[in-house]
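Reading the structure
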Amino acid sequence: MKPVTGQKTLLSVRHLSVGYESEGKLLPAVEDVHFDLREGEVLGLVGESGCGKTTLMLSLLRLLPVAGRITRGEVRFGGQDLLDLSETEMSQVRWRDIAMIFQGAMNALNPVLPVEQQISEAIRRHDASVSAAQATRRVEELLEMVGITANRKDQYPFQFSGGMRQRVMIAMALACRPQVLIADEPTTALDVMIQAQILELLLELRERLGLAVILVTHDLGVVAEICDTVLVMYGGMTAEYSDVDRVYNHAVHPYTQNLLKAFPDLSQPNARLISIPGYPPRLDALPSGCRFSPRCPAAFERCHQETPGLYTVEEGHTARCFLVEGKV
Amino acid sequence: MKRLTYLLRRLQWALLSILFVITLNFFLFRVLPGDPARAGIRDPRLTAQAQQAIRERFGLDKPVINCFETLNPLKLGKCGVNPLETQFFIYVGNLLRGELGTSYHTNRPVSSMLGEALLNTVLLVGAAQVFSIVFGIILGLVAAWKSHTAVDFTALTASLVAWSLPTFWLGIVLLFAGSTWLGLPVVGKLTPGMAYPHWGAKAADLGRHLILPTLTFTIVVLGEYMLVMRSTVLDVLSEDYILTAKAKGLSTFQILKDHALRNALLPMVTIVALNLGFTVAGAIQIETVFSWPGLGLAIFDAVGRRDYPMLQGAFLLIAVSVITANLIADLLYSYLDPRIQAGQS
């Protein structure tokens, strides 16, 4: 059974919109996204490549590339809007409150520094009272916690395998005991066995440390297995957002329904896999009306002209689709 | 232990290269036409005996190597000669004793002439390199961090201009400006005929003579270093580990110092090392413009006088400098990049 998540909301995102400046224009990458993250919750963020998942995550920490702009919305954390903080204040929130691990960890670690230094610099940056010796002890503790023997702390990233490197990255992310951990496709570059180990490790740590996790992935199997809630994104917008059970069994958005059909279901091995025809929209050539309308099997006249709002299906289940409108 | 093996292997290659250079260098000057009796001292009235005496004095009467009397013109000789009586082994033997032969032009030992010249060049090149390395790295780092701002644009333009200026032209302009408006000396290392009350006054005079050539050299090399540093840092800043460093909440200074600089220094080390080796000789233009009595000027003069022993010695010195600089770069690399030491690429 999934552990019961606390009721306290840690992170609350409202109307968040992000764009990239390109040749004098602002291309919308994320538009009007809402979600809440409670203590101990695992939120799965799914969607095709280029749908704005990573952009959304980077904007939470305000780490967007130079061309990125947060145009609207709020990111409430601990009673304040992170978007209002000064750069210095924001740098204190990073890692201490919200840490992030990246795709593949291959290049996320600095190749010329021993792992101890890379972990301890984060510890000492956020707590100046920690002595060098204390930081070393903490690094050893962290490494042991993720299943790496402490005496490997002086080694360099290239001396670790891919899976081990991701473990180092996780140890690093936990260095300052954050409340929220953003894991952006943490297992993409790893083989299946290692993927399972890393996910198990994340779950175990979540339970032990009461960590809230946002897991960015395009693996629906993983989502079904470990997430409490799911946010499905399409073309920079929320398609559907609810708890994992409702998204898997009572999906209302045609995109979610098709996405689920495109994924193998082991209980029905004879069911055909269905692919969604067409491609996700490009930021500089967004369709009019609903962004999914050109590929949507259920699209009608209105879908091509108006953008649907975010409608509530029932308490804790929202979808951006005209089919849902008025069903409350 | 690994580090020691690596060091020994590098050292071994460096020594092999030097041996190769010594051999090549020796035969190069034996293949070139002319000897001091015919070309070095252009006096048609010289008797055959006198010519022979000069050849004997420089050891040119001995066979070049077994079976070859001379290489230009090619003249075969006896093959049973004691190898130690041939020019090649006499040359190598002299080298081992630190002797580089006698200059055709001044009749002084080449080693002492080169020693003085090298010292002067190192003074000039050393100061200029230190300035340009330090300022090049700092400017490049700042320009990359502030990329696409006015700071970056200014530094970039200035560096491109500095790098593109012809060295001799910049030298002449600075020489004119410095001597006219600042009253700086224009020629040589010390003011001729000056009597110095104490060593401090001599050092001050030397310093004044050094300003213009050092400035010229610095401007030329600084531009290159800044441009390379800027583009390397830009590459490094787009790496994922820089994003990690930012996500960790590190300050800009920490990110630049601990993450960007260390990684960006790798290509810089190569360029600086190559430059250092070559600039021992590469100061030819500047030394000629400012009549600075360094290695470059010595080579320039020796070419004009067909002073083969001098050139041979200078070439060897340059080759050894380049090889040494590369060796140092290799060792620095193994320190800066742990992947190299472990034998990975």
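It should be emphasised that the depicted structure is a prediction, and the values quoted were computed from it without experimental measurement.

A word on helix 9 (residues 240–247) of chain B. Every buried residue of helix 9 of chain B is accounted for by Y241, I242, T244, A245 and A247 of chain B. G249 of chain B lies just past helix 9 of chain B and shows a positive phi near 85°.

This next bit is on the interface of chain A and chain B. With 22 residues of chain A at the contact, the number on the chain B side is 21 residues. It is V112, E121 and F158 of chain A that lose the most area in chain A upon contact with chain B, and together they represent 31% of the buried surface on that side. A salt bridge links K248 of chain B to E121 of chain A; the shortest N-O distance between them is 2.9 Å. Summed over the shared surface of chain A and chain B, the number is nine residue pairs in polar contact (both at pLDDT 80 or more). When contributions to the side of chain A that touches chain B are tallied by element, the ones reaching two or more residues are helix 3 (115–126) and helix 5 (162–173) of chain A.

Let us look at the sheet that holds strand 7 (residues 180–184) of chain A. All names here are of chain A. Taken in spatial order, the eight strands line up as 6-7-8-3-9-10-12-11 in an open sheet, and their pairing is mixed. This sheet does not close on itself; its edge strands, each paired only once, are strand 6 (98–101) and strand 11 (311–314). Ignoring which end each strand starts from, the neighbouring axes of this sheet average 20° apart. Against the sheet, helix 5 engages strand 6 and strand 7, with an angle of about 170° to strand 6. Most of the contacts of helix 9 (residues 254–261) go to strand 9 (residues 229–234), to which it runs at about 105°, and overall it touches strand 9 and strand 10 (237–243).

This part covers the packing of helix 5 (residues 110–145) of chain B against helix 12 (residues 295–305) of chain B. Residues and elements named next belong to chain B. Where helix 5 contacts helix 12, the axes come no closer than 7 Å and their chain directions differ by 135°. The pairing of helix 5 with helix 12 is recorded here as oblique in orientation. Between helix 5 and helix 12, the residues in contact are L114, A117, L118 and T121 and L295, G296 and A298, respectively. Class assignment of the residues belonging to the contact of helix 5 with helix 12 gives a composition of five nonpolar, two polar and no charged.

On to the packing of aromatic side chains, then. On inspection of all chains with the given rule, the structure shows 14 aromatic pairs over all chains. Centre to centre, the rings of Y311 of chain A and F322 of chain A are 6.4 Å apart; their planes meet at 40°, and the pair counts as tilted. Here the residue Y311 of chain A occupies a position in strand 11, and F322 of chain A occupies one in the segment after strand 12 (317–319), the gap between them amounting to eleven residues. Accessibility assignment for this pair places Y311 of chain A and F322 of chain A in one class, buried. Connected via pairs of aromatic rings, a cluster forms that spans F26, F27, F88, F89 and Y91 of chain B. The ring of Y335 of chain B carries the charged tip of R262 of chain B above its face, separated from the ring centre by 5.9 Å.

Cysteine pairs can be linked by a disulfide, which is a covalent bond between their two sulfur atoms. Taken as a whole and judged by the stated rule, the model has one disulfide over all chains. A disulfide bridge connects C67 of chain B with C79 of chain B, and the sulfur atoms are separated by 1.9 Å. Around the S-S axis, the bridge from C67 of chain B to C79 of chain B shows a dihedral of about 135° and counts as right-handed. Here C79 of chain B lies in the loop between strand 2 (74–76) and helix 4 (87–96) and C67 of chain B lies in the loop between helix 3 (48–57) and strand 1 (68–71), a separation of twelve residues in the sequence. Relative accessible area serves as the criterion here: at 23%, C67 of chain B is assigned to the partly exposed category. C290 of chain A supplies the cysteine sulfur nearest to C51 of chain A, a cysteine that is in no disulfide, at a spacing of 14 Å. Not engaged in a disulfide, the cysteine C296 of chain A finds its nearest cysteine sulfur in C303 of chain A; these two sulfurs lie 6.2 Å apart. On the basis of relative accessible area, C296 of chain A is assigned to the buried category, the value being 17%.

Attention now goes to the UniProt feature "transmembrane region" (unreviewed entry) in chain B. Residue and element names in this part refer to chain B. The UniProt feature table records "transmembrane region" (unreviewed entry) at residues 12–32, 117–143, 155–177, 210–228, 264–286 and 314–336. As annotated, residues 12–32 has a helix share of 95% and a strand share of 0%, and its two end C-alpha atoms lie 31 Å apart. For residues 314–336, the helix share is 100%, the strand share is 0%, and the end-to-end C-alpha distance is 32 Å.

This paragraph deals with the environment of S231 of chain B. All names here are of chain B. Tracing the backbone through its elements, the reader meets S231 in helix 8 (residues 199–237). Classification of S231 as partly exposed rests on a relative accessible area of 37%. Taking C-alpha positions, S231 is 54 Å from N66, a pair spaced 165 residues apart along the chain. A polar contact is formed between the side chain of S231 and the backbone oxygen of V228, at a distance of 3.2 Å.

Let's shift gears to the side chain of H34 of chain A. Residue and element names in this part refer to chain A. Inspection of the secondary structure puts H34 in strand 2 (residues 25–38). A polar contact is formed between the side chain of H34 and the side chain of D32, at a distance of 3.5 Å. When sequence neighbours within four positions are dropped, the list of residues in contact with H34 reads V13, R14, H15, L231, T238, Y241 and L310.

Next up on the list: the domain arrangement of chain A. Residue and element names in this part refer to chain A. With domains assigned, chain A is organised as domain 1 (9–97 + 178–319) and domain 2 (109–175). Just the C-alpha atoms count here: the centres of domain 1 and domain 2 sit 29 Å apart. Taken together, the contact pairs 18 residues of domain 1 with 14 residues of domain 2. Buried area between domain 1 and domain 2, both sides added, is near 1,400 Å², and the carbon and sulfur share of it is 72%. The largest contributions to the domain 1 side of the interface with domain 2 come from W95, I198 and L201, which together make up 38% of the buried area. Put simply, domain 1 and domain 2 have zero salt bridges between them. At the boundary of domain 1 and domain 2, one finds five residue pairs in polar contact (both at pLDDT 80 or more). Residue assignment for the side of domain 1 that touches domain 2 shows that the elements contributing at least two residues are helix 2 (87–93) and helix 6 (192–209).

Attention now moves to unusual backbone geometry. One non-glycine residue, R62 of chain A, lies in the positive phi region at around 55°. Looking at where R62 of chain A falls in the secondary structure, it is placed in the loop between helix 1 (53–60) and strand 4 (68–77). At R306 of chain B, a residue that is not glycine, the phi angle is positive and equals roughly 50°.

What counts, and at which threshold
Residues numbered from 1 in each chain as written. Chains lettered and ligands numbered in written order. Predicted model: local features only at pLDDT ≥ 70, side-chain atom pairs only at ≥ 80, totals over all residues. Heavy atoms only, no water. Buried < 20%, exposed > 50% of the residue type's maximum accessible area, 1.4 Å probe, protein only. Helix = DSSP H or I, 4+ residues; strand = E, 2+ residues; numbered from the N terminus. Contact = heavy atoms within 4.5 Å. Buried area = accessible area lost by both parts, 1.4 Å probe. Salt bridge = Lys/Arg side-chain N within 4 Å of Asp/Glu carboxyl O. Polar contact = N/O pair within 3.5 Å; in protein donor to acceptor, adjacent residues only side chain to side chain. Pairing = 2+ DSSP bridges. Axes fitted to C-alpha atoms, helices over the stretch in contact; angles between N-to-C directions. Parallel < 35°, antiparallel > 145°, perpendicular 65-115°, else oblique. Nonpolar A, V, L, I, M, F, W, Y, C, P; charged D, E, K, R; others polar. Phe/Tyr/Trp six-rings, centres within 6.5 Å; stacked < 30°, edge-to-face > 60°. Lys NZ or Arg CZ within 6 Å of the ring centre and 35° of its normal. Disulfide = S-S within 2.5 Å. UniProt positions renumbered as here; feature names shortened; annotations may be inferred. Domains from an automatic or database assignment.

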